Amino acid sequence: MTGPRLGVVADDVTGACDLADAVRDAGRSAVVVLGAPGPDVDLPPCDAAVVALRTRTAPAPRAVAESLAAARWLLSRGAAAIYQKYCSTFDSTDEGTIGPVADALLDLLGTGAVSVGTPATPRAGRTQYQGHLFVGDRLLSESSLRHHPLTPMTDPDLVRVLGRQTPRGVALLPWAALRGPDPAGALARVVGGGARHVLADALTDDDLDALARLVGAGAGGRSGPGPGGPVLLGGAAGLAAALARAWPRAGAAGDEVRAPRSAGGRALIVSGSCSGRTLEQVARFPGPRVALDAIALAADPGGALDAALGALASAFGDGPGPVLVSSSADPDAVRGTQERLGVGRAAEVLERAAGEVAARAVRDLGVGRLLVAGGETSGAVAAALGLGVLQVGPAAAPGVPWMVPVDGPAVAVLLKSGNFGGPDLFTTAWEACP
Ligand SMILES: Nc1ncnc2c1ncn2[C@@H]1O[C@H](COP(=O)(O)OP(=O)(O)OP(=O)(O)O)[C@@H](O)[C@H]1O
Ligand SMILES: O=C(O)[C@@H](O)C(=O)CO
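Being a predicted model, the structure only gives us computed values, none of them experimental.

Q: Explain the UniProt feature "domain: Four-carbon acid sugar kinase nucleotide binding" (unreviewed entry) in the chain here, please?
A: Per the UniProt record, "domain: Four-carbon acid sugar kinase nucleotide binding" (unreviewed entry) is annotated on residues 268-426. From the first C-alpha to the last, residues 268-426 spans 10 Å; its make-up is 48% helix and 24% strand.

Q: Before we go on, may I ask you to explain the sheet that holds strand β7 (residues 132-135) in this structure?
A: In any sheet, the strands associate via hydrogen bonds between backbone groups, in a parallel or an antiparallel arrangement. Sheet architecture is open: three strands sit in the order β6-β7-β8, paired in antiparallel fashion. A single partner strand is all that each edge strand has here, and the edge strands are β6 (126-129) and β8 (138-139). With four bridges joining them, β6 and β7 adopt antiparallel strand pairing. The residue of β7 that forms the bridge with T127 is F134.

Q: Would you mind going over the pattern of salt bridges with me for this structure?
A: Evaluated as defined, the whole model comprises 27 salt bridges. Taking the shortest distance from any N to any O, the salt bridge between D155 and R160 comes out at 2.8 Å. Given a relative accessible area of 10%, D155 falls into the buried group. As a salt-bridge pair, D332 and R335 come within 2.5 Å of each other at their nearest N and O atoms. Of this pair, D332 and R335 both sit in helix α12 (residues 331-341), separated by three residues, roughly a single helical turn. You can call D332 exposed: its relative accessible area is 55%. A relative accessible area of 44% means that R335 is categorised as partly exposed. Among the ionic contacts, a cluster of salt bridges with common partners joins D94, D155, D157, R160 and R164.

Q: Looking at this structure, I do not really get unusual backbone geometry. What am I missing?
A: In most cases, non-glycine residues show a negative phi, while peptide bonds are predominantly trans. Cis peptide bonds are those with omega within 30 degrees of zero, and the linkage from G321 to P322 qualifies with 5°. Relative to the helices and strands, P322 resides in the loop between α11 (301-316) and β14 (323-326).

Q: What is the right way to look at the site of ligand 2 in this model?
A: As a matter of local geometry, ligand 2 sits amid D12, T14, G15, D18, R56, K85, C87, S88, A236, S417 and F420. Within the side chain of R56, one N or O atom sits 2.7 Å away from an oxygen atom of ligand 2. Between ligand 2 and K85 there is a distance of 3.0 Å, counted from an oxygen atom to a side-chain nitrogen or oxygen. Notes on ligand 2: free accessible area 270 Å², of which the protein chains cover 93%. In terms of residue count, the dominant contributor to the shell around ligand 2 is helix α1 (residues 13-25) (three residues). Considered class by class, the residues forming the shell around ligand 2 number three nonpolar, four polar and four charged.

Q: Just to check I follow, could you spell out the packing of aromatic side chains for this structure?
A: Describing an aromatic ring pair means giving the distance of the ring centres and the angle of the ring planes. Taken as a whole and assessed by the stated rule, the structure comprises three aromatic pairs. When the centroid spacing of 6.5 Å and the interplanar angle of 70° are considered together, the rings of F285 and F426 count as edge-to-face. Separated by 141 residues along the polypeptide, F285 in the loop between α9 (276-284) and β13 (289-291) and F426 in helix α15 (residues 425-428) bring together distant segments of the chain. On the basis of relative accessible area, F426 is assigned to the buried category, the value being 0%. Aromatic side chains W402 and W430 sit 5.5 Å apart centroid to centroid with 50° between the ring planes, which places their arrangement in the tilted category. Of this pair, W402 sits in strand β17 (residues 400-405) while W430 sits in the segment after α15, and the two are 28 residues apart along the sequence. In this structure W430 comes out as buried when scored by relative accessible area, which is 12%.

Q: When you look at the site of ligand 1 in this model, what are you seeing that I'm missing?
A: Near ligand 1 lie 19 residues; those nearest to it are S273, S275, E351, E376 and T377. For ligand 1, an oxygen atom lies 3.5 Å from a polar atom in the side chain of T14. Note that an oxygen atom of ligand 1 is positioned 2.6 Å from one of the side-chain N or O atoms of S273. Coverage of ligand 1 by the protein amounts to 86% of the 640 Å² it exposes when considered alone. Those elements that provide at least two residues to the shell around ligand 1 are α12, α13 (343-364) and α14 (375-385). Each residue belonging to the shell around ligand 1 can be placed in one class, and the counts come to five nonpolar, 12 polar and two charged.

Q: Could you clarify how one ought to interpret helix α8 (residues 237-246) in this entry?
A: In terms of residue burial, α8 counts as a mostly covered element, since eight of its 10 residues are buried. Taken together, the buried positions of α8 are A237, G238, L239, A240, A241, A242, L243 and A244. Along its buried surface, α8 packs onto β1 (6-10), α1, β4 (82-85), β5 (114-118), α7 (205-214) and β11 (231-235).

Calculation criteria
- Residues numbered from 1 in each chain as written.
- Chains lettered and ligands numbered in written order.
- Predicted model: local features only at pLDDT ≥ 70, side-chain atom pairs only at ≥ 80, totals over all residues.
- Heavy atoms only, no water.
- UniProt positions renumbered as here; feature names shortened; annotations may be inferred.
- Helix = DSSP H or I, 4+ residues; strand = E, 2+ residues; numbered from the N terminus.
- Pairing = 2+ DSSP bridges.
- Salt bridge = Lys/Arg side-chain N within 4 Å of Asp/Glu carboxyl O.
- Buried < 20%, exposed > 50% of the residue type's maximum accessible area, 1.4 Å probe, protein only.
- Near = heavy atom within 4 Å.
- Polar contact = N/O pair within 3.5 Å; in protein donor to acceptor, adjacent residues only side chain to side chain.
- Areas by Shrake-Rupley, 256 points an atom, 1.4 Å probe, with all protein chains shown as cover.
- Nonpolar A, V, L, I, M, F, W, Y, C, P; charged D, E, K, R; others polar.
- Phe/Tyr/Trp six-rings, centres within 6.5 Å; stacked < 30°, edge-to-face > 60°.
- Contact = heavy atoms within 4.5 Å.

Right, here's the structure in full:
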């Protein structure tokens, strides 16, 4: 059996699902493996294998160690190329982790390796021009990402941003060079000038297709024809989808993958995201809801959790749900809680509670369909459920697919990035559940 065409190291769980969905949307197959896999984890046949880590805001040494372990595992499973998945809004701090992880992966790939990538993902409204990242029609630094609680993005010039995270040369492949008569020559000149990391402009899927052709349409991994050595691919879902579009269909591993099926069961939403779009989705949800309160959970974890689960059981009554369990709150309320508990403690308490509620609802309340809002929250829930390998199923919205465990608990999960999905997602998502 041949390995996946693409082995992806993703820095968060919802980002991994987003990329897997983009690959599936391109007609190819993807699986998501939660956490750095041990040597005994089996990888089903697939075109793209995505390892979902929780490293976006981790200390750089831990992010590097886990990313290297994931990349080594992917290479040991025959991955033809390695792809570093980061956020389409380049969420990171000046200490890393995008730069340190990219440097470590370059060293793993071998002498002369360079990284080539872009966060541009037109379907999510992310474009890069002259090295500047746009969110819709705003510069990154003028978007709501400026106020992100953990990774505020105040500089839209990604060459500068990445330059602060690595001692190695960072350069731009400008749009005019990518779409000009000799993009390969332009890339070779950039690398010849000393760059080890190249960020490419892209405005449309056509631009991403051109970039995918340039970096070898997925053949650019350990042995690929880079502009001087192997290529580490990088970016968000956009470039991964372009690579997938370029793969020949004959013999695609997707043909061997069965469509995932959920086992049915009650529907539960667990929301820990406080992003603008999630707050709209929470506000628009018409069904019953149970609040998770960080202060109560911090004071009496067991009691507050039992109370929440009791309220959840009552909210279900004899019905199938969906019921919403949520700590989502507006920025003022979040700040108030953080001032009382500290940022880290508030997050820790709520993430642990989200995971416990989800796990006990699956175990004791017959929940079989679970929508989770928020990347960190999703990571906590996935860990509490003991999810291992997930197959990607139908999407409820771009970037938010239903996922079904290959082995493990009989629960279909939809792990949603904070800003993804339409305002009525909490009502409409169930129609797409396989
Ligand atoms: N009421 C609250 N007060 C303080 N912190 C909260 C509150 N509700 C949730 N949180 C914490 O805020 C964080 C939200 O991060 P999470 O990654 O889950 O959502 P997000 O940032 O919207 O998602 P994404 O990273 O996918 O965009 C979590 O750590 C969560 O526990
Ligand atoms: O790239 C994106 O925007 C998402 O996949 C993500 O990583 C959000 O956390």
